[in-house]
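Okay, here's what each chain looks like letter by letter:
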Amino acid sequence: MVTPPDSITMDTQGSNVVLQDLKLRQINCELNPLTRSDGSALFTQGGTCVLTSMLGPVEVKSQNLNIEKAHVECIYRPKAGIPTIEDKLTETVIRDTCESALLTMLHPRTAIFIQIQELDDRCGIEACAINGACLALLIGGVPMKFTIAAVHCIVDKDDKVVLDPDHCEAIGKRASFVFVFDSLDKNLVTVHTSGRFRMGQFNDAECMSRAASQIIFNFYRRIISNFHNKSLLTADSKARNTEVESVVKSEQMDI
Amino acid sequence: MAEQHKLIYPIKHFRDFLENEIRLDGRTFDKYRPIGVNIASCQHSLGSSATKIGNSNILCGIRAELSKPRASKPLAGYIVPNVDMSFTAFSKASSSCNNQNVSEILECFIYRILYESHCLKLEDLCIHPGKLVWCLYIDIIGLEVDGGVFDASVLACASALSTLNLPIVTYDEKSGKIEIGDEMKKLHLNIFPVVSTYSIFDNVVLVDPTYREESISSTVFHLGVHEDTIGLFHKSGGVPISVKEIQQSVKNAVHREKEITSLLNSLKTNQ
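Residues numbered from 1 in each chain as written. Chains lettered and ligands numbered in written order. Predicted model: local features only at pLDDT ≥ 70, side-chain atom pairs only at ≥ 80, totals over all residues. Heavy atoms only, no water.

Considerations on the overall build of chain A
Basically, it comes down to this: By the criteria applied, helices consist of DSSP H or I runs no shorter than four residues and strands consist of E runs no shorter than two, each listed in order from the N terminus. Each residue is assigned to one of three classes by its accessible area relative to the maximum for its type, calculated with a 1.4 Å probe on protein chains only: buried under 20%, partly exposed between the two thresholds, exposed over 50%. The contact rule is simple, with two residues in contact once any of their heavy atoms fall within 4.5 Å. Areas reported as accessible are Shrake-Rupley estimates using a 1.4 Å probe. Residue values count occlusion only from the protein chains shown.
Per the secondary structure count, chain A includes 4 helices and 11 strands. When the 255 residues of chain A are sorted by exposure, 53% land in the buried category. Contacts spanning at least 24 positions in sequence make up 65% of the contacts within chain A whose residues lie at least 6 apart. Total accessible area on chain A is roughly 11,900 Å²; 51% of this is exposed by carbon and sulfur atoms.

In structure tokens, the structure reads:
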């Protein structure tokens, strides 16, 4: 059965936000745009866009075989040219982050591959890639301990902390942060910084990002439930269709 | 008997040690390993340093070449870090694929620490704007790695940079003639970068972990602190940590930074 691709737009202003300037760029996602992979997602955050796909659990090369857990591999491809050392670093960060979210011990002697293709980078590509990878893993149906949400944050040229800036706001930035939170206790899975900053700025950025991560978690929940409700609809016969639809509607009301 | 126990149940063995508030090598949780720095040890490089943290042994040498700057940045020189982890550096055969990865990440971080965290200005490497700049090749060789490879590499790199002597070069714009003088000039370092590594095992923060501790702990993170600013915070995956643990580590890292800077200062005055 081919499931219809699903796309959803989310208004980030409407969620339970305390701080006034807590705004992420608009998040859009299309699930399963690719047909050959186990799970894929086209994820955009503002102008930044990535295409992620995952494959697994599949057969593993003998050199990577681990008898206790699955081997996780990430491939990150930049928009143009061959991957540079910076891209390798991004790749390692994404790999480690995804591995800590996955329940790898459930699939020993296998491998899980995550592929990420950068489509457009208008600031915050790392955070976007991690979020996209998480959605691909969720759609791919591999067991996870928790979901992860990455938020990008900078200290701009006036020493102000800006949440999820676009490339215009990021000109002349002093420092940049990528925070990845888990969905359970909102603790830090990954922290990746560059540039020099004060501890106070770090705390501000961390608090803002933590609050903003809830927007992304809500987005995951909404898009995944929409996706599965829709596939439920197409799978059912016409006679039961109306019945299911009412169920779907009531569920959506709850959300 | 203890050896077999360690081999069969490595994690339980480690946990037994932690229950008695001691680590495998007899240190307490917040104790660092001894540091040894030997500066200007290589004759043929312009600045060099051999650094030891515990059993980790890292060598750093810097050579400089003259080159033409990029048209987009006519004032900026180049820094090219190059990390080589030799085959003897890692003990385990399983880490052979990891080997390449570690050196790539290190190269990336050393560039970031030096340039993005404003440790040195690339403009200081300029000889004549738009025509001639210095290109510094920072070669780091890992002779032995027993944890804290980040700390040791950054320390080696920074101490080599602080001893770096560049000859004074004059450039004649009309004839394009380059003249290398006999006098030497030191490169100015804005900040002496210090990175500290922490690992977490069963909610216990262990400072300066050894290779064994790093490999069985649930997460490892690196902190680069200078006075009240942070230049690097890198945690990649592992179990999630709370802000409390971060703050505790930052406090710890501030002390460590002071210790190492005073050590380096005493080294330089003795020279």
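Some thoughts on the interface of chain A and chain B
Stated precisely, the cut-off is as follows: Once two parts are joined, some of their accessible surface, as seen by a 1.4 Å probe, is lost; buried area is that loss totalled over both. By convention in these notes, a salt bridge is any Lys or Arg side-chain nitrogen within 4 Å of a carboxyl oxygen on Asp or Glu. Any N or O atom pair separated by 3.5 Å or less is treated as a polar contact, with the protein-specific requirement of one donor-capable and one acceptor-capable atom, and with residues adjacent in sequence counted only for side-chain atom pairs. Residue polarity follows a fixed list, in which Ala, Val, Leu, Ile, Met, Phe, Trp, Tyr, Cys and Pro are nonpolar, Asp, Glu, Lys and Arg are charged, and the others, Gly among them, are polar. For two strands to count as paired, DSSP must find a minimum of two bridges between them.
Counting residues at the interface gives 28 residues for chain A and 31 residues for chain B. Summing the contributions of chain A and of chain B, the shared interface buries around 2,700 Å²; its carbon and sulfur component is 56%. Seen at the junction of chain A and chain B, the total is 1 salt bridge. Of the charged contacts, one joins E86 of chain A and R112 of chain B as a salt bridge, the two residues approaching to 3.1 Å between their closest N and O atoms. Here chain A is connected to chain B by 14 residue pairs in polar contact (both at pLDDT 80 or more). Top element by residues in the side of chain A that touches chain B is helix α1 (residues 85–101) of chain A. It accounts for 9 residues. Taken together, the residues that form the side of chain A that touches chain B break down as 10 nonpolar, 10 polar and 8 charged. Relative to strand β12 (residues 229–235) of chain B, strand β11 (residues 197–198) of chain A is paired through 2 bridges, and the arrangement is antiparallel.

A short note on the side chain of E206 of chain A
Its place among the elements puts E206 of chain A in helix α3 (residues 199–235). Among the residues examined, E206 of chain A registers a relative accessible area of 3% and is labelled buried. Excluding its chain neighbours within four sequence positions, the residues that come into contact with E206 of chain A are F179, F181 and L188 of chain A together with V243 of chain B.

Examining helix α6 (residues 243–270) of chain B
We apply this condition: Helix span, as expected, comes to 1.5 Å for every residue beyond the first.
Across its 28 residues, α6 of chain B extends 41 Å between first and last C-alpha, which sits within 8% of the 40 Å expected from 1.5 Å per residue. Residues of α6 of chain B that are buried: E245, I246, S249, V250, N252, A253, R256, E257, I260 and L264 of chain B.

With respect to empty space enclosed by the protein
We apply this condition: Here a cavity is any set of points on a 1 Å grid over the protein atoms alone where a 1.4 Å probe fits but cannot get out, and a pocket is any open set with protein on both sides within 12 Å along at least 5 of 7 lines; a residue lines the site when it has an atom within 4 Å of a point. Grid points are joined across faces, edges and corners, and a volume is the space filled by probe spheres set on the points.
Across all of its chains, the model carries 1 cavity of 30 Å³ or more by this definition. Residue lining of the largest cavity: R196 of chain A together with I113, S117, P193, V194, V195, G224, V225, G231 and L232 of chain B, and that is the complete set. Of all the secondary structure elements, the ones that give two or more residues to the lining of the largest cavity are β11 (219–226) and β12 of chain B. Split into classes, the residues belonging to the lining of the largest cavity amount to 6 nonpolar, 3 polar and 1 charged.

As for the packing of aromatic side chains
Short version of the rule: Aromatic rings from Phe, Tyr and Trp, taking only the six-membered ring of Trp, are treated as a pair when their centres fall within 6.5 Å; an angle between ring planes under 30 degrees marks them as stacked, one over 60 as edge-to-face, and anything in between as tilted.
For the structure shown, the criterion picks out 14 aromatic pairs over all chains. Measuring from centroid to centroid gives 5.6 Å for F177 of chain A and F179 of chain A, while their planes differ by 15°, and the two rings are stacked. Grouping residues by exposure puts F177 of chain A and F179 of chain A together as buried. Where F202 of chain A meets F233 of chain B, the ring centres are 5.3 Å apart and the plane angle is 15°; that geometry is what we call stacked. On the criterion of chain membership, the pair formed by F202 of chain A in helix α3 and F233 of chain B in strand β12 is interchain, its members lying in two chains. Look at F202 of chain A and you get buried, because its relative accessible area is 1%. A residue is classified by how much of its surface remains accessible, and F233 of chain B, at 0% relative accessible area, is buried. Aromatic rings pair up to connect F177, F179, F181, F197 and F202 of chain A together with Y198, F221 and F233 of chain B into one cluster.

What about the confidence of the model for chain A?
Residue and element names in this part refer to chain A. Under the convention used in this document: Each residue carries a pLDDT score, the predictor's own confidence in it, on a scale running from 0 to 100.
Scored by pLDDT, chain A comes out at a mean of 85, with 83% of its residues at no less than 70. This model gives residues 1–18 a pLDDT under 50, and the stretch forms 44 contacts once residues within four places in sequence are excluded. Confidence drops under a pLDDT of 50 for residues 237–255, and excluding neighbours within four residues, the segment shows 10 contacts in the predicted structure.

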